[in-house]
Amino acid sequence: MKEFLFGLLVVFFAFILVLIFNALRVKLTARKLTERKEHKTKEEQIEYAKRLAEMIKCETVSKEDSFDDTEFKKLRDVMKELFPLIHEKAEKMTFSDDCWIYKIKGKDESRNIILMSHHDVVAATGDWLHPGFCGEIFDDCLWGRGTVDTKTPLFAEFQALEELLSEGFVPECNVYIGSSHNEEIGGDGIPEALKYFKENNITFETVLDEGGAIISPPLAGIKANCAMMAIHEKGRYTLNCYAKDTSGHKGLTANKNTPVARMSAFITEVNTKNIFIKRLYPEVKGMFTHLCPYAPFIMTVLFSNLWCFGSLLKTVMPKLNAQAGAMVGTTCTFNEINTNKEEKYCHAKAFLRPVYESDLKEDLKQIEKIAKKYDIQLVPAENKECFKSTDVNNKSVEYTKKCINDIFPDVIPAPYILPAGTDARHLCSISESVIRFAPIEMNDKQFASVHSENEHISLDSIANSVVFYKHYLKNYR
């Protein structure tokens, strides 16, 4: 018996040693964060902000049912004035009402990359400290709708290319800049451009769009900001759910058999039962792997040994916060419910956001079982979208990380899954490397201002974004 207990003790200590060894190895081999130098003087930062302010003053609000070109034309005129060399040297194409595609030819015209950021914005409603489209510089920040989402990245892309062209720069491959006028409403801008790309057999080595940024650390205990690069974004799938009047059914009391009662019971069960597949997807594992060297030691032990603690993490993540939970499986939101008294039915709309299409198929089977229980008819809508993920070790991902390390040596780059949506998703079919990252740095207040009041960005973030894109284009091979 003593020998058995001693054996168990040896195994236990060996297990602990393995966990600690893996954590120490990760800590010791991780890139050391270093102090960031100031890339631009205060005067240069202000000059960039003044130029960007002219774009912010254009109220390019996209609307579902109409397109008024007045403010969009104003922005086009501003772009021509701000970036004359690009407009002189680039081939420009327009798709739909105002989706821009600019092309600068490179040394090797068989290769292409594209930088993207949309120029439409949401309305500036609510109470603002500075008017929504003022473009005012105050407290070392530029204020106004679009400063974060996403005219700053768009400005930085154009400014970087304009400066490079003025220096006689010729890119190694064709460089495209794409900007849609209706990304905020899921519009047809980039999808129309995609048709052109496919018709002309144009593919991209790299797509670099907005969707990630440099933000406060997503894990407690990490002391540095994190450059979150979305290498995948969740899909979209809508189910129309119908409960018809079946009051003639026997064995059920009338109040439990009404369409509204059955639909309510169906929605409650789908929302409260843990019916969807949960996984630690490669993109999520990559996020933990990149962040764990900089976390407190106990968290490093956890994240550097996912072979042991992976099951625990995928269970705990949904309980931490909604965004963390969204990265480990399908989410389902019932965002519409109504009744039709004449036809005697209740209708609800379920909006599903799957990570992978293969899991969605299994998740739908679980919803169908519950629907059958309450006699609910499920009719898929025609908006099924599931997207190809970019490999976490992809060459373009590694290059983007290198550029982040070069320009922001005090920041931790990490991949992740984007729960929201971007224009980049449309180009997954013509690129193996779709990365959603804009090099803007935001504090928590600035992050919270997206689609809300008081959107603003710091002057040094504007300047550093220009420096990043210039470095990215100049060194792209």
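These lines cover the structure that appears in this document, whether it is placed above or below.

### Brief notes about the sheet that holds strand β10 (residues 237-244)
The sheet built from four strands is open, its strands ordered β11-β12-β10-β13 with antiparallel pairing. Both edges of this open sheet fall to β11 (331-340) and β13 (377-380), since each of them pairs with a single strand only. Across the sheet, the mean angle from the axis of one strand to that of its neighbour is 25°, orientation sign disregarded. Here four bridges tie β10 to β13, and the two strands are oriented antiparallel to one another. Paired with N240 across the two strands is V379, which belongs to β13. Contacting β10, β11, β12 (345-353) and β13, helix α8 (residues 259-272) runs over the sheet at an angle of about 175° to β11. Where helix α13 (residues 357-373) meets the sheet, its contacts fall on β10, β12 and β13, and the angle it forms with β10 comes to roughly 10°.

### Thoughts on the nonpolar core
Among the nonpolar cores identified, the biggest contains 93 residues, and M55, F158, V284, F288, F437, I462 and F468 are the most heavily contacted of them. In this view, F288 contacts L219, L280, F303, L306, L313 and M317; residues no more than four positions away in its chain are not counted. If you look at the next biggest cluster of nonpolar residues, it comprises 23 residues, including A243, M263, V270 and L360.

### Here we look at the environment of K369
Its place among the elements puts K369 in helix α13. Here the alpha-carbon distance between K369 and N182, two residues 187 residues apart in the chain, equals 38 Å.

### Quick look at the packing of aromatic side chains
Throughout the structure, instances matching the rule amount to 25 aromatic pairs. Judged by centre distance (5.5 Å) and plane angle (45°), the rings of F95 and Y196 are tilted. Linking F95 in strand β1 (residues 91-95) with Y196 in helix α6 (residues 189-199), this pair joins segments that are 101 residues apart in sequence. For F95, a relative accessible area of 13% translates into the label buried. Linked through ring pairs, Y399, F408, F437, F468, Y469, Y472 and Y476 together constitute an aromatic cluster.

Calculation notes
Each residue is numbered by its place in its chain's sequence as written, counting from 1. It should be noted that, the model being predicted, local features are given only for residues of pLDDT at least 70 and side-chain atom pairs only at 80 or more, the latter also being counted only at that level, while totals for whole chains, interfaces and linings use all residues. Side-chain calculation: all heavy atoms of the structure are included, whereas hydrogens and water are not. At least two bridges found by DSSP between two strands is the condition for calling them paired. To qualify as a helix, a DSSP run of H or I must reach at least 4 residues; to qualify as a strand, a run of E must reach at least 2; elements of each kind are numbered from the N terminus. Under this scheme, a helix contributes an axis fitted over its contacting stretch, all axes are lines through C-alpha atoms, and angles between N-to-C directions fall in the 0 to 180 degree range. Any pair of residues with heavy atoms lying within 4.5 Å of one another is described as a contacting pair. We call a set of buried Ala, Val, Leu, Ile, Met, Phe, Trp, Tyr and Cys residues a nonpolar core when their side-chain atoms join them within 4.5 Å. A 1.4 Å probe rolled over the protein chains alone gives each residue an accessible area, and that area as a share of the maximum for its type sets the label: buried under 20%, exposed over 50%, partly exposed in between. In this scheme Phe, Tyr and Trp rings, the latter by its six-membered ring, pair at centre separations within 6.5 Å, and the angle between planes marks the pair as stacked below 30 degrees, edge-to-face above 60, and tilted otherwise.

That's the geometry; what it means functionally is another story.
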